[in-house]
Amino acid sequence: NVDHVVLYQESSALREAYAAADMVLADGAPVVAAAKLLSRPLPERVAGSDLVPRLFQEAVSQRLGPRVYLLGGAPGVGRRAAEHIESTWPGAKIVGLASPPPGFETDAALNASLVAEINACRPDVLLIGLGAPKQELWIHRHQAELRVPVALCIGATIDFLAGERARAPGWMRRVGLEWLFRVLLEPRRLGRRYARDAWLFPRLFWREWRCATSGRF
């Protein structure tokens, strides 16, 4: 999304994580619109909070019974999300969950224990909802140690599944205003970030536009 684009300019570690990812999806209407204007169109916006339910639905419809580990969310939130997942998509099984404390990513012993626990649970999918860029940096740092076929960075999706946060109404999502809904709900947490992004993203777009029109893109 826009925030990732801005962070990408500032963080070499995040650029490395992106380069190592097998799949990168556009989770932001402004990013999709900007790509189209730059004549490098993306198929569509794919939010983690839409992707995860769709994956569960597809897996259950094919009787795959995915084993899932939830990493993220405040204490108790993961448990509520797990209950919602297993009741909404019978066959999906939450085999483990963890709500690590703030700053856990710098504790080597805690991370080693967490990786060992995830591996012991043998999930098919690891859903990581730690927020950006923490989730991307964490999985990039530990991917070689994890014996998990698929890991997805999904932002606030665990909170949405638990009913901890409300998603924007469908019409706001369709017209690309989900960001506005979120900042109105959490102005103190998101206001400064969105203000920074609103200042920097147009400048980044202008830079890319000039490169594209001059033949250097």
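Quick notes on the rules
- Residues numbered from 1 in each chain as written.
- Predicted model: local features only at pLDDT ≥ 70, side-chain atom pairs only at ≥ 80, totals over all residues.
- Heavy atoms only, no water.
- Buried < 20%, exposed > 50% of the residue type's maximum accessible area, 1.4 Å probe, protein only.
- Helix = DSSP H or I, 4+ residues; strand = E, 2+ residues; numbered from the N terminus.
- Pairing = 2+ DSSP bridges.
- Right-handed = clockwise from strand over helix to strand, strands pointing away.
- Salt bridge = Lys/Arg side-chain N within 4 Å of Asp/Glu carboxyl O.
- Contact = heavy atoms within 4.5 Å.
- Axes fitted to C-alpha atoms, helices over the stretch in contact; angles between N-to-C directions.
- Parallel < 35°, antiparallel > 145°, perpendicular 65-115°, else oblique.
- Left-handed = near helix turned anticlockwise from the far one by under 90°.
- Nonpolar A, V, L, I, M, F, W, Y, C, P; charged D, E, K, R; others polar.

## A short note on the pairing of strand β3 (residues 125–129)
The element β3 is extensively covered by neighbouring structure, given that five of its five residues are classed as buried. Side chains Val 125, Leu 127 and Gly 129 project from β3 onto one buried face, and the interleaved Leu 126 and Ile 128 project onto a second face that is buried too. Note that strand β1 (residues 67–72) and β3 share five bridges and pair parallel. Counterpart to Val 68 in the pairing with β3 is Val 125. The handedness of the β3 to strand β4 (residues 150–153) crossover, carried by helix α7 (residues 134–142), is right-handed.

## Some remarks on the pattern of salt bridges
Tallied over the entire structure, the rule returns 14 salt bridges. One salt bridge connects Arg 45 with Asp 27, and the closest N-O pair in it is separated by 3.2 Å. Taken as a pair, Arg 45 in the loop between α3 (29–37) and α4 (48–61) and Asp 27 in the loop between α2 (12–20) and α3 lie far apart in primary sequence, 18 residues in all. Residue class for Arg 45 comes out partly exposed when judged on its relative accessible area of 25%.

## Observations concerning the environment of Leu 190
Mapping Leu 190 onto the fold places it in helix α11 (residues 187–213). As for Leu 190 and Ser 99, which are separated by 91 residues in sequence, their C-alpha atoms are 21 Å apart. Beyond its immediate chain neighbours, meaning those up to four positions away, Leu 190 contacts Arg 182 and Val 183.

## As for the packing of α3 against α11
Between α3 and α11, the least distance of the axes is 11 Å, while the angle of their chain directions is 20°. Accordingly, the angle class assigned to the pair α3 and α11 is roughly parallel. The handedness of the crossing between α3 and α11 is right-handed. Of α11, the residues touching α3 (which contributes Pro 30, Val 31, Ala 34 and Leu 37) are Phe 201, Phe 205 and Trp 209. For the contact of α3 with α11, the class distribution of residues is seven nonpolar, no polar and no charged.

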